[in-house]
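Okay, here's what each chain looks like letter by letter:
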Amino acid sequence: MSERAPDRDAAGRTGRLWGGGFSGPPDSEIERFCASFSFDRRLLRADVAANRAWVAALAAAGVLPAAEAERIDAALAAIGAASPVEVGAPTGEARPPENAFEDVHTFVEAALAARVGAELAGRLRTGRSRNDLVATDLRLYCKEEIAAIRRRIAAAVGACADLAARCGPLPVPGYTHMRRAQPILLAHLLLAHAARLMRDDDRFAEALRRADVCPLGCAALAGTTVPIDRAALARHLGFARPAENSLDAVSDRDFAADALYAAALLMVHLSQIAEDLVLASAEEFGWLAIGDAAATGSSLMPQKKNPDALELLRGKAGRAVGRLTGFLTTLKGLPAAYNRDLQEDKEPLFDALDTARDSLRVLALVLGHLEPVPARALPDDGGDLLATDLAEHLAGRGVPFAEAHRLAGEAAARARASGVTLRRLPLEVYRAVSPLFDAETIGRLGVQASLERRDREGGTAPARVRERIEATRAWVAGRSAPPGEAVP
Ligand code: ARG
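Rules used in this analysis
- Residues numbered from 1 in each chain as written.
- Predicted model: local features only at pLDDT ≥ 70, side-chain atom pairs only at ≥ 80, totals over all residues.
- Heavy atoms only, no water.
- Helix = DSSP H or I, 4+ residues; strand = E, 2+ residues; numbered from the N terminus.
- Rg over C-alpha atoms; globule rule 2.2 N^0.38 Å.
- Buried < 20%, exposed > 50% of the residue type's maximum accessible area, 1.4 Å probe, protein only.
- Contact = heavy atoms within 4.5 Å.
- Areas by Shrake-Rupley, 256 points an atom, 1.4 Å probe, with all protein chains shown as cover.
- Near = heavy atom within 4 Å.
- Polar contact = N/O pair within 3.5 Å; in protein donor to acceptor, adjacent residues only side chain to side chain.
- Nonpolar A, V, L, I, M, F, W, Y, C, P; charged D, E, K, R; others polar.
- pLDDT = per-residue confidence, 0-100.
- Phe/Tyr/Trp six-rings, centres within 6.5 Å; stacked < 30°, edge-to-face > 60°.
- Lys NZ or Arg CZ within 6 Å of the ring centre and 35° of its normal.
- Axes fitted to C-alpha atoms, helices over the stretch in contact; angles between N-to-C directions.
- Parallel < 35°, antiparallel > 145°, perpendicular 65-115°, else oblique.
- Expected span 1.5 Å × (residues − 1).
- Pairing = 2+ DSSP bridges.
- Core = buried A, V, L, I, M, F, W, Y, C linked by side-chain atoms within 4.5 Å.
- Salt bridge = Lys/Arg side-chain N within 4 Å of Asp/Glu carboxyl O.

(A) Just the overall build of the chain, in detail. From N to C terminus, the chain includes 19 helices and six strands. Against the globule reference of 23 Å for 488 residues, the chain gives a C-alpha radius of gyration of 31 Å, more extended than a compact globule. Here the chain, with 488 residues, has 46% of them falling under the buried criterion. Within the chain, contacts between residues separated by at least 24 positions form 76% of all contacts whose residues are at least 6 apart in sequence. Taken as a whole, the chain presents about 22,900 Å² of accessible surface, with 54% of it coming from carbon and sulfur.

(B) The arrangement of the site of the ligand in detail. Every residue lining the ligand is accounted for by Ser-36, Asp-40, Asp-103, His-105, Arg-130, Asn-131, Val-134, Tyr-338, Arg-340, Gln-343 and Lys-346. In the environment of the ligand, a nitrogen atom lies 3.0 Å from a nitrogen or oxygen atom belonging to the side chain of Ser-36. Against a free-state accessible area of 340 Å², the protein chains account for coverage of 87% of the ligand. Per element, the largest residue contribution to the shell around the ligand is three residues, and it comes from helix H7 (residues 130–167). Looking at side-chain class alone, the shell around the ligand contains two nonpolar, four polar and five charged residues.

(C) The confidence of the model for the chain, seen in detail. Scored by pLDDT, the chain comes out at a mean of 92, with 92% of its residues at no less than 70. Within the model, pLDDT remains below 50 along residues 1–5, and this stretch shows 13 contacts once partners closer than five positions in the same chain are excluded. Between residues 86–93, whose pLDDT stays under 50, and residues either more than four places distant or in other chains, the model counts eight contacts.

(D) Representation of the side chain of His-269 in the model. Residue placement: His-269 occurs in helix H11 (residues 254–280). His-269 sits in the buried class, given a relative accessible area of 9%. Beyond its immediate sequence surroundings of up to four residues, His-269 is in contact with Arg-196, Asp-200 and Arg-203.

(E) Local environment of the packing of aromatic side chains. Per the stated rule, a full pass over the model turns up nine aromatic pairs. Geometrically, the ring pair formed by Trp-18 and Phe-22 is tilted, given 5.0 Å between the ring centres and 50° between the ring planes. With 5.3 Å between their ring centres and 75° between their planes, Phe-101 and Phe-107 make a pair best called edge-to-face. Across the pair, Phe-107 and Phe-101 agree in class, each one buried. Put simply, the rings of Phe-37, Phe-101 and Phe-107 touch in pairs and so form one group of aromatic residues. Sitting over the ring of Phe-37, Arg-41 keeps its end group 4.7 Å from the ring centre. Against the face of Phe-350 rests Arg-42, its NZ or CZ located 4.8 Å from the ring centre.

(F) Inspection of the packing of helix H8 (residues 186–211) against H11 at higher detail. Two elements in contact, H8 and H11, have axes whose closest approach is 9 Å; the angle formed by their N-to-C orientations is 170°. As the angle between them shows, H8 and H11 are arranged roughly antiparallel. Here the residues of the contact of H8 with H11 sort into 16 nonpolar, three polar and six charged.

(G) Inspection of H11 at higher detail. Over its 27 residues, H11 extends 39 Å from the first C-alpha to the last, a length consistent with the 39 Å expected when each residue adds 1.5 Å. Within H11, 19 of the 27 residues are buried, leaving the element largely enclosed by the surrounding structure.

(H) Focus on the pairing of strand E2 (residues 179–185). Across six bridges, strand E1 (residues 171–176) lies against E2 in antiparallel orientation. Bridge assignment links Val-172 to a residue of E2, and that residue is Ile-184. Linking two consecutive strands that pair antiparallel, namely E1 and E2, is a turn of two residues; a positive phi of about 55° is found at His-177 within it.

(I) Region of the structure containing unusual backbone geometry. Positive phi, normally seen in glycine, also occurs at Ala-219, with a value near 60°. Along the chain, Ala-219 falls in the loop between strand E3 (213–214) and helix H9 (230–236). Ala-219 sits in the buried class, given a relative accessible area of 10%. Despite not being glycine, Ala-337 shows a phi value in the positive range, around 90°. Locating Ala-337 in the fold gives a position in the loop between helix H12 (308–331) and helix H13 (346–368). Looking at Ala-337, the relative accessible area reads 12%, which means it is buried.

(J) Spatial organisation of the environment of Leu-277. Its location among the elements puts Leu-277 in helix H11. Under the relative-accessibility criterion, Leu-277 is labelled buried at 3%. Through-space distance from the C-alpha of Leu-277 to that of Ile-184 is 16 Å; in sequence the pair is 93 residues apart. Setting aside residues no more than four positions away along its own chain, Leu-277 makes contact with Leu-190, Leu-288, Leu-310, Leu-363, Leu-367 and Leu-370.

(K) Quick peek at the nonpolar core. Leu-76, Leu-112, Phe-204, Leu-277 and Leu-363 are the most contacted members of the largest nonpolar core, which has 110 residues in total. Broken down by element, this core gets its largest block of residues, 16 residues, from H11. Formed by 19 residues, the second largest nonpolar core is a distinct cluster that contains Leu-390, Leu-394, Leu-407 and Leu-425.

(L) Quick look at the pattern of salt bridges. As enumerated under the stated definition, the model contains 45 salt bridges in all. Ionic pairing is found between Arg-123 and Glu-119, a salt bridge with its closest N-O pair at 3.6 Å. You can call Arg-123 partly exposed: its relative accessible area is 35%. Put simply, Glu-102, Asp-103, Arg-130 and Arg-340 are held in one network by salt bridges that share partners.

(M) Local environment of the environment of Arg-357. Tracing the backbone shows Arg-357 in helix H13. Leave out the neighbours within four places in its chain, and Arg-357 touches Glu-145, Ala-148, Ile-149 and Arg-152.

Next comes the structure, spelled out in structure tokens:
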């Protein structure tokens, strides 16, 4: 598509937000390279909101007559409400071509001129710059997206807790170094992942707090000459406070880096839970059955049900981490104040936040399609996973733990050599290892007993796990309806 804003109209205007001092239009390739409209159109609603707040501030400062401000405001409201470039709008005929405008700010001013005339539209950018505007837009966008992501985190945590509740007291081997270690409840494993997601929520809350500062009114770099009330302007846009240094305000993208980090670590966590779920639902482990709705088939091997959605959740961490490191590299070495490099903030942020939001939704869905398989529970006999318990029994009788550890290790080696579990190893063999072993020590060996003994806070004892499920659900309930925040 080659449609572009005309280079000059009858009054000599260029259709760009600049050009008076230029002898000719830019090279079209260079213009295309510099343009951001193809992606920053997503900021339309934020841009309109910031512009409307600015118009109100100009009017309050007595710089724009109330009647003019009202006309501009009504037109901006219509642009924000009706435009086909609004986020999520389907691609329609009315959608302007991607290269028709330099950026969303140019588009809004052009759309405004079409509604109220170029004369009045031209007053909009009195005392402000695209530099403070774009920073404001991106912060508004970030705040909204983070709130949406936090709602999705709450839903995913809720789905984790629900699956944990469905798993009930189902015991499975716990692994360290990917080697069978001690019995745990499968629910305990799921709640470990929920705990990580709850910390992610906290990180996003912090990223939101950092984004909650208003750069508008800082103009290009040095501050505005218009006597506006910046605190009122910040409040009007829902920000906690105005930015304190105009140079910093137009170039600070720390909030974007914070959001990218929160998204990257969240995606790393999703990759970890995805991996655990891939394993737990594999034939070799088989603790969880994955419903057909969450699986995909093989084009060649008819028997297969593949966990592709989980694999993609695992794989997308790479994308999110890349977005973070890429953007940090963009920021490195930038001089203070606005530089066009900063335009590279948008695509990473959009992509990382989209990825996080979408992935959380898919995770919650997959969790809903997983069911525990009681037949694959760890038998109470416990194999050699009870070796620690054996050592602890001896230690409980006053044997130094180091010695108890050595004796239990020897018993475990003998059980392994004769192909029996610790519980089935004959008493004589135990007594050959040490007379400290007796029938009671061996009789007390069992998965259930092992689990129940781990009953301090944070342990895998069934009662503790039930408490954590309830606490996690209470957290979800508190998160999904925080005071003053709309629930989707
Ligand atoms: N498209 C630009 C960006 O995203 C808007 C700000 C442009 N400012 C400027 N002085 N050229 O950063």
